[in-house]
Structure formats: C-alpha cells, structure tokens
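Chain by chain, the residues run as shown.
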Amino acid sequence: MISFTLNGRPASAEVAPDTPLLWVIRDTLGMTGTKFGCGMSQCGACTVHLNGNPIRSCVTPVSSVAGKKITTIEGLSENGDHPLQKAWVEEQVPQCGYCQSGQIMQAAALLAKNKKPSREQIVAHMSGNLCRCGTYNRIIAAIQRAAKQA
C-alpha cells in the first residue's frame, strides 16, 4: 500500500511500486483530468505537482511519491476559478483541449515561484509542454493575464 496526499486529501493505492503515478491517478483513483500523451516525459500532458513542483506523472513511479503531496488539475481549484483557469477561458486557449491540464499545471508552478514572469521566462518554463493545436501565443497571453490578476 502506497499512501500520499492527493489534492489535500489522504490517498492510497495497492499497486506495484513501479506503476506510473499517472495510471494510479487515472485508473485507481478515478481522477481523469491528468492526461496520457506520450508515456516518455516528452509532451507534458501528464504534468502534476509533487510538493509544488511540476513533474511528468507518466514516468514517475508511484513509490517515489509515498508520503508526499500531489496536486492535479482537479486540485488546483475546487470551482475552476484559479486565475490561470479563468485566463485560459478569457484568452480562448483551448482548441482540442487535450494538453490543457498539463499546460495549466506547468504554468501554475511558474506563477507560484515567479508572480510576474517575463515573456521569455514564460516561454522557457513552458518549453517542455507541447500543444498539438499550436496555441502557444494564446497560452503565453493567458499566463500573462493570470500574472496581472494575481
């Protein structure tokens, strides 16, 4: 049994220690906001926070999060009213929407550490998250909007 905190609540899973955290979150715990994209830590769709830092849950063994705090897109805001979530809507970022939870979680980690990032800092921080629809300019605008509102 592997226990950790998920979105502020105790969670546990009886799975093999090398099971990727992504599958524990999605299949065992039923939280489907975190997406599977590549399974190789290359696209960022599976981004969650581990003790406040962004990680790729598709390559993170669940045993490595024992006793730690995990935050998923569902835990970012109970009502979907996090400044980034609101800015995402206001800037009309989503097209297919598949990468959005990973993008938002990556951006949230940036804004938690840097309240007023420059455009260059945003681009550098978000560079590991891919958007197949190419809405990068809108993603940057949404992060800038959220930074102004915070």
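Our structure is the block above this text.
Starting from 1, residues in each chain are numbered consecutively following that chain's sequence as written. With pLDDT at 70 or above as the cut-off, local features in this predicted model cover only qualifying residues; side-chain atom pairs require 80 or more to be listed or tallied, and sums for whole chains, interfaces and linings still use all residues. In computing side-chain values, all of the structure's heavy atoms are included and hydrogens and water are not.

Some points on the pairing of strand β3 (residues 47-50)
Here comes step 1: Burial along β3 is two-sided: the residues T47 and H49 and V48 and L50 are all buried.
Here comes step 2: By the bridge criterion, four bridges tie β3 to strand β4 (residues 53-56) in an arrangement that is antiparallel. Looking at β4, one finds that L50 is bridged to N53.
Here comes step 3: Linkage of β3 to β4, two consecutive antiparallel strands, is achieved through a turn of two residues, within which N51 is found at a positive phi near 50 degrees.
Here comes step 4: Should DSSP find at least two bridges between two strands, the strands are regarded as paired. Helix numbers and strand numbers start at the N terminus; a helix is a DSSP run of H or I with at least 4 residues, a strand a run of E with at least 2. Two strands pair when backbone bridges link them, and β3 and strand β5 (residues 69-71) are joined in this way by two bridges, in the antiparallel orientation. By the bridge assignment for β5, L50 is matched with I70. Only protein chains enter the accessibility calculation, which uses a 1.4 Å probe; a residue whose area is less than 20% of its type maximum is buried, one above 50% is exposed, and one in between is partly exposed.

Side note on a nonpolar patch on the surface
Here comes step 1: Surface patches are defined over residues having more than 30% relative accessible area and no salt bridge, joining like charges when they lie within 9 Å and nonpolar side chains (Val, Leu, Ile, Met, Phe, Trp, Tyr) when within 5 Å. Here the Shrake-Rupley method, with its probe set to 1.4 Å, supplies the accessible areas, and only the displayed protein chains count as covering residues. A pair is scored as a salt bridge if a Lys or Arg side-chain nitrogen falls within 4 Å of a carboxyl oxygen belonging to Asp or Glu. The grouping of W23, F36 and Y98 at the surface amounts to a nonpolar patch, some 260 Å² of accessible area in total.
Here comes step 2: Here W23 is to be found in helix α1 (residues 21-28).
Here comes step 3: A relative accessible area of 30% places W23 in the partly exposed class.

Some remarks on the pattern of salt bridges
Here comes step 1: Under the criterion given, the structure shown has two salt bridges.
Here comes step 2: Here E90 and R145 are joined by a salt bridge, their closest N and O atoms 3.1 Å apart. Of the two residues, E90 sits in helix α3 (residues 83-90) while R145 sits in helix α6 (residues 136-149), which places them 55 residues apart along the sequence.
Here comes step 3: In this structure E90 comes out as partly exposed when scored by relative accessible area, which is 39%.
Here comes step 4: Residues E91 and R145 are paired through a salt bridge, measuring 2.8 Å at the closest nitrogen-oxygen approach. With E91 in the loop between α3 and α4 (100-113) and R145 in helix α6, this residue pair connects regions lying 54 residues apart in the sequence.
Here comes step 5: Take R145: its relative accessible area is 30%, and that puts it in the partly exposed class.
Here comes step 6: Each of E90, E91 and R145 takes part in a single network of salt bridges with overlapping partners.

A word on the sheet that holds strand β2 (residues 9-13)
Strands pair in a sheet through their backbones, by hydrogen bonds, and they do so in one of two ways: parallel or antiparallel.
Here comes step 1: Strand order in the open sheet made by the five strands is β2-β1-β5-β3-β4, with mixed pairing throughout. Two strands bound the open sheet, and with one partner strand each, they are β2 and β4. Across this sheet, the average inter-strand angle for adjacent strands is 40 degrees, counted without regard to direction.
Here comes step 2: Note on contacts: a residue pair qualifies if any of its non-hydrogen atoms lie within 4.5 Å across the two residues. Axes, fitted as lines to C-alpha atoms, cover a helix only where it is in contact. Angles between the N-to-C directions of the axes lie from 0 to 180 degrees. Set on the sheet, α4 makes contact with β3, β4 and β5; between it and β3 the angle comes to about 35 degrees.

Structural notes on α3
Owing to its 3.6 residues per turn, the α-helix brings residues three or four apart onto one side.
Here comes step 1: Turning to α3, its buried residues number three or more, namely L84, Q85, A87 and W88. For α3, the angular spread of buried residues about the axis comes to 165 degrees, placing them on one side.
Here comes step 2: As for α3, its buried residues are in contact with α2 (73-76), α4 and α6.
Here comes step 3: Among the residues trailing α3, Q92 stands out with phi positive, at a value near 55 degrees. To obtain the arc, one takes the directions from the helix axis to the C-beta atoms.

This is a description of form; function is not addressed.
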